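Listed below, chain by chain, are the residues.
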Amino acid sequence: MEANATLAGTSGVDSLLALNYMGIGINYMQLAAYDSSFVYYQKAFSLYEKSGNKYRMQVVQANMAQAYYNKNDHQKSLAIVNSLLLDSITVAIKLNVLH
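Residues numbered from 1 in each chain as written. Predicted model: local features only at pLDDT ≥ 70, side-chain atom pairs only at ≥ 80, totals over all residues. Heavy atoms only, no water.

Peer 1: Looking at this structure, how should I read unusual backbone geometry?
Peer 2: Note: most residues except glycine have negative phi, and most peptide bonds are trans. Despite not being glycine, Ala32 has its phi angle at roughly 65°, a positive value. Secondary-structure assignment places Ala32 in the loop between helix 2 (14-30) and helix 3 (34-51). (Helix = DSSP H or I, 4+ residues; strand = E, 2+ residues; numbered from the N terminus.)

Peer 1: Would you mind showing me how to read the nonpolar core here?
Peer 2: A general tendency of soluble globular proteins is for nonpolar side chains to be buried together. Among the nonpolar cores identified, the biggest contains 25 residues, and Phe38, Tyr41, Ala44 and Val60 are the most heavily contacted of them. If you list the elements that add at least two residues to this core, you get helix 2, helix 3, helix 4 (54-70) and helix 5 (74-87). (Core = buried A, V, L, I, M, F, W, Y, C linked by side-chain atoms within 4.5 Å. Buried < 20%, exposed > 50% of the residue type's maximum accessible area, 1.4 Å probe, protein only.)

Peer 1: How do you make sense of the packing of helix 3 against helix 4 when you look at a structure like this?
Peer 2: Packing of helix 3 against helix 4 brings their axes to within 9 Å, and their N-to-C directions diverge by 165°. With respect to helix 4, the axis of helix 3 lies roughly antiparallel. Two packed elements cross with a definite hand, and for helix 3 against helix 4 that hand is left-handed. Taking contact as the criterion, the partners of Tyr34, Ser37, Phe38, Tyr41, Gln42, Ala44, Phe45, Tyr48 and Glu49 in helix 3 are, on helix 4, Arg56, Met57, Val60, Gln61, Asn63, Met64, Ala67, Tyr68 and Asn70. (Axes fitted to C-alpha atoms, helices over the stretch in contact; angles between N-to-C directions. Parallel < 35°, antiparallel > 145°, perpendicular 65-115°, else oblique. Left-handed = near helix turned anticlockwise from the far one by under 90°. Contact = heavy atoms within 4.5 Å.)

Peer 1: How should I be thinking about helix 3 in this particular structure?
Peer 2: In an α-helix there are 3.6 residues to a turn, and that puts residues three or four apart on one side. With 18 residues, helix 3 extends 26 Å between its outermost C-alpha atoms, agreeing within 8% with the 26 Å of an ideal straight helix rising 1.5 Å per residue. All buried positions along helix 3 are accounted for by Tyr34, Ser37, Phe38, Tyr40, Tyr41, Ala44, Phe45, Leu47 and Tyr48. Contacts made by the buried residues of helix 3 are with helix 2 and helix 4. (Expected span 1.5 Å × (residues − 1).)

Peer 1: What should I look at first to understand the environment of Asn20 in this one?
Peer 2: Structurally, Asn20 is set in helix 2. Residues Asn20 and Lys43, 23 residues apart in the sequence, show an inter-C-alpha distance of 9.9 Å.

Peer 1: Before we go on, may I ask you to explain the packing of aromatic side chains in this structure?
Peer 2: Aromatic ring pairs: the centre-centre distance and the angle between the two ring planes describe each pair. Scanning the model with the defined rule gives three aromatic pairs in all. Each ring, one from Tyr21 and one from Tyr40, has its centre 5.9 Å from the other, and the planes form 50°; the classification is tilted. Of the two residues, Tyr21 is situated in helix 2 and Tyr40 in helix 3; the sequence distance between them amounts to 19 residues. Accessibility assignment for this pair places Tyr21 and Tyr40 in one class, buried. On the basis of an interplanar angle of 25° and a centroid distance of 4.2 Å, the ring pair of Phe38 and Tyr68 is categorised as stacked. One end of the pair, Phe38, is in helix 3; the other, Tyr68, is in helix 4, and 30 residues separate them in sequence. Grouping residues by exposure puts Phe38 and Tyr68 together as buried. Members of the aromatic cluster, joined through ring pairs, are Tyr21, Tyr28 and Tyr40. (Phe/Tyr/Trp six-rings, centres within 6.5 Å; stacked < 30°, edge-to-face > 60°.)

Peer 1: Just to check I follow, could you spell out the pattern of salt bridges for this structure?
Peer 2: Two side chains carrying opposite charge are able to pair once their charged atoms lie near each other. The final tally for this structure, using the stated rule, is three salt bridges. Among the ionic pairs, Lys50 bridges to Asp14, the shortest N-O distance being 3.4 Å. Of the two residues, Lys50 sits in helix 3 while Asp14 sits in helix 2, which places them 36 residues apart along the sequence. Among the residues examined, Lys50 registers a relative accessible area of 64% and is labelled exposed. A salt bridge links Lys76 to Asp73; the nearest nitrogen and oxygen atoms lie 4.0 Å apart. (Salt bridge = Lys/Arg side-chain N within 4 Å of Asp/Glu carboxyl O.)

Below you can see the structure in the form of structure tokens.
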């Protein structure tokens with residue numbers, strides 16, 4: 001976590017910081033700490049949105065859909081999946097969402 005605080009003050013590393021946030025979100029999801037995973041997914045999403053990286057934004061959304069599904073919030077999961085299927089920029093994300 002100290003590395004993230006250091007990176008936050010450094011210009012030009014938003015994508016690296018977002019990737020770290022994504023990894024932390026994945027770790028929390030694997031620990032079934034879904035609310036914590038959403039915090040870090042949202043941080044990653046915001047940084048990718050700021051940089052205009054739509055592909056990575058959709059990867060984050062796919063992970064959020066998985067976390068909502070694992071949390072038994074199927075309605076939120078399905079809403080994200082449906083939006084990704086309508087707007088996904090790559091076939092790989094579509095296949096990942098459907099998996």
